[in-house]
Amino acid sequence: MLHSVNQMTEFSIAATDGDLGTIDSVYFDDANWTIRYLVIDTGRWLSGRQVLISPISVRKIDWRNKTLHLALTRQQIENSPDVDTDKPVSRQHEADLNDHYGYPYYWTGPFVWGATAFPEAMAAQGMQNADARRDMERHHEPQPDENPHLRSCKEVTGYRIRATDDAIGHVEDFLFNEENWSIELIVIDPRNWWPGKHVMVSPQRIDRIDWAEQQVVVNLTRDEVEHSPEYDAVDDPALDKRQGLYRHFSGPPS
């Protein structure tokens, strides 16, 4: 089932022993189009500190009550490494976070979540990071912008859509699969260019995100965007309908 990132950013976060705060934003990997972290606003609990939580830690998403339950204690989160969410998240920060929670590194295996296709399976694997950590520290010089593939959905929402022949609308939302946290469709709002429906396009049709110009460049014409499948916020695309969407865009998400 696909869900809206915009809707999820209204959710409360619950640890195993109490509430934590709310979801402020979501970081996704624009190389694999997968949600990697939730940015949690802890409010007064940690004096306004924001923390990063991986989908590996998610035990359950209660969509009806707008609550996301974690398999973590408040103490584990309070003791997690500090991360400045106003700056790019470096691979070093990611490694520190994974080591703290005892999770394998998602970037060291052949699948979108390391040695597995699903984040929940990583928690059961236990930490196997010693060799990967040594290799990273031996062969890699840290850079100011260590991992340019991690981006904020909040930042990209509102970016203009640049088709091959014209501008056409802006990014309105992201639809993700809660099983593997992959972003399968992008919702485009075209109202600033032409009145009409919201439409969906596949990340596979995105050539690049132009951060300097704040636009998403797609390998579709304006007409193709206009005639893309319509988005209905109250009717999540069922699997059979999604297969039709993937065929429309020449294949399922990678």
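Keep in mind the model is a prediction, meaning the values are calculated, not measured. (Residues numbered from 1 in each chain as written. Predicted model: local features only at pLDDT ≥ 70, side-chain atom pairs only at ≥ 80, totals over all residues. Heavy atoms only, no water.)

1. Details of the overall build of the chain
A count of helical and extended segments in the chain gives eight helices and 14 strands. Residues classed as buried in the chain amount to 48% of the 254 residues present. Contacts spanning at least 24 positions in sequence make up 57% of the contacts within the chain whose residues lie at least 6 apart. (Helix = DSSP H or I, 4+ residues; strand = E, 2+ residues; numbered from the N terminus. Buried < 20%, exposed > 50% of the residue type's maximum accessible area, 1.4 Å probe, protein only. Contact = heavy atoms within 4.5 Å.)

2. Observations concerning the confidence of the model for the chain
In the predicted model, the chain carries a mean pLDDT of 84, and the fraction of residues at 70 or more is 81%. Across residues 140–145, confidence stays below pLDDT 50; counting only partners more than four residues off in sequence or on other chains, it has three contacts. (pLDDT = per-residue confidence, 0-100.)

3. Looking at the nonpolar core
Leu38, Leu68 and Trp181 are the most contacted members of the largest nonpolar core, which totals 56 residues. Residues in contact with Leu38, not counting those within four places in the same chain, are Met8, Ile23, Ser25, Val26, Val51, Leu52, Ile53, Val58, Leu68 and Trp181. (Core = buried A, V, L, I, M, F, W, Y, C linked by side-chain atoms within 4.5 Å.)

4. Points about unusual backbone geometry
The backbone phi angle of Lys66 is positive, close to 50°, even though this residue is not glycine. Tracing the backbone through its elements, the reader meets Lys66 in the loop between β6 (58–62) and β7 (67–70). Phi is positive for Gln214, close to 55°, though the residue is something other than glycine. Along the chain, Gln214 turns up in the loop between β13 (206–210) and β14 (215–218).

5. Concerning the packing of aromatic side chains
The full count for this structure, using the stated rule, is ten aromatic pairs. Between Phe28 and Trp33, the aromatic rings sit 5.1 Å apart at their centres with planes inclined by 20°, giving stacked as the arrangement. With a centroid separation of 5.2 Å and 25° between ring planes, the pair formed by Phe176 and Trp181 is classed as stacked. Exposure remark for Trp181: the relative accessible area of 3% places this residue in the buried category. (Phe/Tyr/Trp six-rings, centres within 6.5 Å; stacked < 30°, edge-to-face > 60°.)

6. Some details on empty space enclosed by the protein
Applying the stated criterion to the full structure yields two cavities of 30 Å³ or more. Here the largest cavity defines a volume of roughly 40 Å³. Around the largest cavity, the lining residues are Tyr37, Leu52, Ile53, Ser54, Leu97, Asn98, Tyr101 and Tyr103. When residues in the lining of the largest cavity are grouped by element, the largest group, three residues, is from helix α3 (residues 91–101). In this structure, the second largest cavity encloses a volume near 30 Å³. Lining the second largest cavity, in full, are Trp33, Val156, Val171, Phe174, Ile186, Ile206, Ile209 and Val216. Mapped onto the lining of the second largest cavity, the elements with two or more residues apiece are β10 (167–177) and β13. Of the residues contributing to the lining of the second largest cavity, the split by class is eight nonpolar, no polar and no charged. (1 Å grid on protein atoms, 1.4 Å probe; cavity = no way out; pocket = protein on both sides within 12 Å on 5 of 7 lines; lining within 4 Å. Points joined across faces, edges and corners; volume = space filled by probe spheres on them. Nonpolar A, V, L, I, M, F, W, Y, C, P; charged D, E, K, R; others polar.)

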